[in-house]
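A structural walkthrough
Each chain, written out:
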Amino acid sequence: MALHALLARAGSAVATGLLGAVAYDAARKALASAPLRDGAVLATAWGLKGTRRAEEVAENVRLQAADILAEAKEKIGEESAPPGVAADAHDHEH
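Residues numbered from 1 in each chain as written. Predicted model: local features only at pLDDT ≥ 70, side-chain atom pairs only at ≥ 80, totals over all residues. Heavy atoms only, no water.

For the coordinates displayed, the defined rule picks out two salt bridges. Between E56 and R53 there is a salt bridge, with its nearest N and O atoms 3.4 Å apart. One end of the pair, E56, and the other, R53, are both in helix α2 (residues 36-75), three residues apart, so they sit about a helical turn from each other. (Salt bridge = Lys/Arg side-chain N within 4 Å of Asp/Glu carboxyl O. Helix = DSSP H or I, 4+ residues; strand = E, 2+ residues; numbered from the N terminus.)

Below, the structure is given as structure tokens:
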């Protein structure tokens, strides 16, 4: 009886291993034929488009903020520097 139980467990383990190996091979073949590279390229392209759009939005926000600051300085009588020109923070030497 003990031998019968041992053989039953061994047979069950062999069957489980065989089914696992067959499932693994089937999954590997299915993934090899899937267009994973195309999906990765498409996802990367979307990411790049999103990044470029975010950069455009950030630049527009920066320009609008600079316009508002220049207009506010003009309103209080200060002279603002042209865009892209660094203005001195103060006019004394250290």
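A turn of α-helix holds 3.6 residues, and therefore any two residues three or four places apart point the same way. Along its 40 residues, α2 runs 58 Å from first to last C-alpha, staying within 8% of the 58 Å computed at 1.5 Å per residue. Backbone geometry just downstream of α2 places G77 in the positive-phi region, at approximately 95°. (Expected span 1.5 Å × (residues − 1).)

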